[in-house]
Amino acid sequence: MATLAYLAHTGPADEHAALYAALIGFLEDPSVKVRAALAYGLLHAVEAPRPILLALLQDAGVISRAVAQYSPALIDADLIGLARNGDVTMLLALAERTNISTRIAEAVIARGETGVTLKLLARRDITYGAETLVLLAQSYGDDARLRGALLARRELPPSARLHLVEAVSRALRRTRIVKGAVAARRLDSLMRNVTDTALSAIGEREAERAAPRYAAEMVGTDRVNTRLLLHAVVHGHVLFFADIVAELSEIPREKVFSILESGGRPALNALFTRCGLTESVRNLVARLVFHARSADLADDATARHFVVTALTEELIIEHGGQIPAELEEAFAYLSEQNIMLARSAARGVMPAFGGASLARLPAPELDEPERLALPAV
């Protein structure tokens, strides 16, 4: 009753001061029920006096947690100490606040309590800084629940997303059902392929956002090799490929796009020479670029299979079956892709063939008594 009177008071200032003094007096009451009633009366009021709220934050756990979770009158400076030093129950109370700032959320996450961190990562009303997300990915990449929560965040930095994808790959390799179902060499090939695809797909998304920093990170960490360059083009991630080439050659991005889109063989060779590619690799990548100009490699698995098959046959014919050492990595990659893409293309062709064949068959004519019941069908 005292808190309601204080919050609704519109009379003289001395009456308001007297009500305020009465609330202060209730803070000294030995009964936890009285102090809890005081907190309950002020819990959702924006006009609640902060000195009283701060005192209640130091009270019994049931009171302090309620105030921390519900009071809209508290500011970050009031909560930061609780985030840094409070127990797990207090951290959970902070994580349940209707409005929580990035500063407080990151301070709570820094405490390393997995359950609380999961709650905060699931909230879409909080935007986290790149450093926090990268640190979480590096620290908890092997925790499946946190890994999933991080991968669901749209603002997750691309390098952190790639780190988590690689953690997924390692986890799949250790899973008994996977190891038991797939031969070791094929499993290695599959995991390497999906990791390369993730790396270039993340790069493609960053390139679409005109954010070439990811490509620079891949170059700076020695993640770029012949295999990755081929993989990016084969899977239609041409924007990422262009960013990588621009980073390696130190040529402006717009000029690289122009050369890749319409440049002739001399221009392409000059560009790839600046990237540090050997002559044989330059010629192979140039051929792939010419194929990519006339094929929809981003969405058509059959087109990818055709291009990879054509490149493989050209290498075999050109070198008389004796693939030089500098092209061994590229040839091994093309051979792997040939198998995978053939399987992918076949999975698309067979249902289509079966559907077309069934469409040509006459519909069966059954007399009414001979109709089959649904379970029998």
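These numbers were taken from a predicted model, which means no experiment stands behind them.

## Things to note about the packing of helix α8 (residues 102-109) against helix α9 (residues 114-121)
Axis separation between α8 and α9 bottoms out at 9 Å; the angle between their running directions is 150 degrees. It follows that α8 is roughly antiparallel to α9 by the angle criterion. Between α8 and α9 lies a crossing whose hand is left-handed. In this structure, α8 uses Ala105, Val108 and Ile109 to contact α9, whose residues at the interface are Val116, Thr117 and Leu120. For the contact of α8 with α9, the per-class residue count stands at five nonpolar, one polar and no charged.

## What about the nonpolar core?
Core analysis: the largest hydrophobic core is formed by 47 residues, its most contacted members being Leu56, Val67, Val108, Leu120, Leu121, Tyr128 and Leu150. Of the residues forming this core, the biggest block, five residues, is contributed by α8. Leave out the neighbours within four places in its chain, and Leu120 touches Ala95, Ile100, Ala105, Val108, Ile109, Ile126, Tyr128 and Arg153. With 45 residues, the next largest nonpolar core counts Leu162, Met218, Leu228 and Ala246 among its residues.

## Examining the confidence of the model for the chain
Confidence in the prediction of the chain, expressed as mean pLDDT, is 88, and 92% of residues score 70 or more. Contacts from residues 370-377, a stretch scored under 50 in pLDDT, to residues over four places away or in other chains number two contacts.

## Considerations on the pattern of salt bridges
For the structure on display, the rule yields 16 salt bridges. Between Arg209 and Glu206 there is a salt bridge, with the nearest N and O atoms lying 2.8 Å from each other. Looking at Glu206, the relative accessible area reads 5%, which means it is buried. Between Arg213 and Glu217 there is a salt bridge, with its nearest N and O atoms 3.5 Å apart. Highlighted residues: Arg213 and Glu217, both in helix α15 (residues 213-220), separated by four residues, approximately one helical turn. What you see here is one network of salt bridges that share partners, running through Arg192, Asp196, Arg227 and Glu336.

Reading guide: rules and limits
Residues numbered from 1 in each chain as written. Predicted model: local features only at pLDDT ≥ 70, side-chain atom pairs only at ≥ 80, totals over all residues. Heavy atoms only, no water. Axes fitted to C-alpha atoms, helices over the stretch in contact; angles between N-to-C directions. Helix = DSSP H or I, 4+ residues; strand = E, 2+ residues; numbered from the N terminus. Parallel < 35°, antiparallel > 145°, perpendicular 65-115°, else oblique. Left-handed = near helix turned anticlockwise from the far one by under 90°. Contact = heavy atoms within 4.5 Å. Nonpolar A, V, L, I, M, F, W, Y, C, P; charged D, E, K, R; others polar. Core = buried A, V, L, I, M, F, W, Y, C linked by side-chain atoms within 4.5 Å. Buried < 20%, exposed > 50% of the residue type's maximum accessible area, 1.4 Å probe, protein only. pLDDT = per-residue confidence, 0-100. Salt bridge = Lys/Arg side-chain N within 4 Å of Asp/Glu carboxyl O.

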